[in-house]
Amino acid sequence: MPQNEHEPIAVLERKVLAKNDEVAARNRARLAEHGTVALNLMGAPGSGKTRLLEATLDRLKGRPAVSIIEGDPQTDNDARRIARHRAPVVQLVTSGACHLEAPQVAEALERLPLSPGGLLVIENVGNLVCPSSFDLGETVRAVCVSVTEGDDKPEKYPAMFRKAGVLVITKTDLLPHVEFDLDKVTAHARALNPDVRIFATSATSGQGLVAWCAWLGALADSARREEA
Ligand code: MG
């Protein structure tokens, strides 16, 4: 049916979101069937999402098994980086769009191994606004904030932080060189979501990665138990 060209934009937006949510629910059901948990990893460009993933893959060494979807507006640079760590990866190029949508993830799921007790990480397009509106069918949302970005991110982007179950602070090895108030970020994130889990990490020094990887392992195990 052709769209009414005079239909208000707000209505169209709601329709897009409703369609997205339908597919997201199907993705969620499919992941549950396979006993796989999914993490929607978000954060600004340069917040260290890919670097965190690389360090995570090196530490997990296949336990749990991790499959990766990379979202990028233009290139497959990040998928190439991930492939070097021997994880199955599908690159989604959004041709400039600022977020991933559930149908793109549904397509990628066709091409990835999903195993019981496995973990799927979806690295979203670097952006702190758009991705928060689009459910992809994930189990948990995680948002990365690097210490080089400034400590007012939760204040400025409340929608993103309200829906995130996990906050990963990255690049903590640079703390001595930047003005970044860890307590302030933590307090603002907790004000928006009292249940948020917070990890302070550095992929360079390794700080916080043991706790982060242990949490991912427990998350993957929880899906395996549910499936059993
Ligand atoms: Mg990246």
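Coordinates for the structure precede this section.
It should be emphasised that the depicted structure is a prediction, and the values quoted were computed from it without experimental measurement.

*Asks:* What is the right way to look at the nonpolar core in this model?
*Replies:* Generally speaking, soluble globular proteins have nonpolar side chains that are buried together. Judged by nonpolar contacts, the single largest core of 29 residues is most densely connected at L39, V166, W212 and W215. Sorting the residues of this core by element identifies strand 1 (37–43), helix 2 (49–60), strand 2 (66–72), strand 4 (119–123), strand 5 (140–146), strand 6 (166–170) and helix 8 (209–227) as the ones contributing at least two each. The greatest single-element share of this core, amounting to eight residues, is contributed by helix 8. When neighbours within four sequence positions are excluded, V166 is seen to be in contact with V140, R141, A142, V143, V196, R197, F199, W212 and W215.

*Asks:* Would you explain the sheet that holds strand 3 (residues 89–93) in this entry?
*Replies:* Two orientations exist for strands paired in a sheet by backbone hydrogen bonds: parallel and antiparallel. What the seven strands build is an open sheet, ordered 3-2-4-1-5-6-7; its pairing is parallel. The open sheet terminates on both sides in strands that have one partner only, identified here as strand 3 and strand 7 (197–200). Neighbouring strand axes in the sheet, compared pairwise and without regard to direction, differ in orientation by 20° on average. As paired elements, strand 1 and strand 4 share five bridges and run parallel to each other. Within the sheet, the bridge partner assigned to A38 lies in strand 4 and is L120.

*Asks:* Please clarify how the coordination of the magnesium ion should be interpreted in this entry.
*Replies:* The reference angle at a metal is 109.5 degrees if four donors form a tetrahedron and 90 or 180 degrees if six donors form an octahedron. Around the magnesium ion, the protein contributes the donor atoms T50 (OG1), D78 (OD) and E123 (OE), which lie 2.1 Å from the metal centre. Every donor residue of the magnesium ion comes from the same chain, spaced as T-x27-D-x44-E. Here T50, found in helix 2, pairs with E123, found in strand 4; they are 73 residues apart in sequence, far enough to count as distant. As far as burial versus exposure is concerned, T50 and E123 are alike and both buried.

*Asks:* Please explain helix 1 (residues 9–34) as it appears in this structure.
*Replies:* The periodicity of an α-helix, 3.6 residues per turn, causes residues three or four positions apart to be oriented the same way. With 26 residues, helix 1 should cover 38 Å at 1.5 Å per step; its first-to-last C-alpha distance of 38 Å lies within 8% of that length. Listed in full, the buried residues belonging to helix 1 are N20, V23, A24, N27 and L31. Buried positions along helix 1 lie against strand 1, helix 4 (102–109) and strand 4. A positive phi of about 70° marks G35, the residue just after helix 1.

*Asks:* Would you explain the state of the cysteines in this entry?
*Replies:* Working definition of a disulfide: a covalent bond connecting the sulfur atoms of two cysteines. Overall, the coordinates contain one disulfide when judged by the stated rule. A sulfur-sulfur separation of 2.4 Å characterises the disulfide bridge that pairs C98 with C130. Since a negative S-S torsion denotes a left-handed disulfide, the C98-C130 link at about -100° is left-handed. Of this pair, C98 sits in the loop between strand 3 and helix 4 while C130 is found in the loop between strand 4 and strand 5, placing the two residues 32 residues apart along the sequence. As a non-bridged cysteine, C144 has C213 as the owner of its nearest cysteine sulfur, 13 Å distant. The exposure class of C144 is buried, given its relative accessible area of 0%. With a relative accessible area of 9%, C213 lands in the buried category.

Basis of the calculations
Residues numbered from 1 in each chain as written. Predicted model: local features only at pLDDT ≥ 70, side-chain atom pairs only at ≥ 80, totals over all residues. Heavy atoms only, no water. Core = buried A, V, L, I, M, F, W, Y, C linked by side-chain atoms within 4.5 Å. Buried < 20%, exposed > 50% of the residue type's maximum accessible area, 1.4 Å probe, protein only. Helix = DSSP H or I, 4+ residues; strand = E, 2+ residues; numbered from the N terminus. Contact = heavy atoms within 4.5 Å. Pairing = 2+ DSSP bridges. Axes fitted to C-alpha atoms, helices over the stretch in contact; angles between N-to-C directions. Donors = N, O, S within 2.8 Å, 3.2 Å for Na, K, Ca; no water. Expected span 1.5 Å × (residues − 1). Disulfide = S-S within 2.5 Å.

Any functional reading would require information that these geometric values do not contain.
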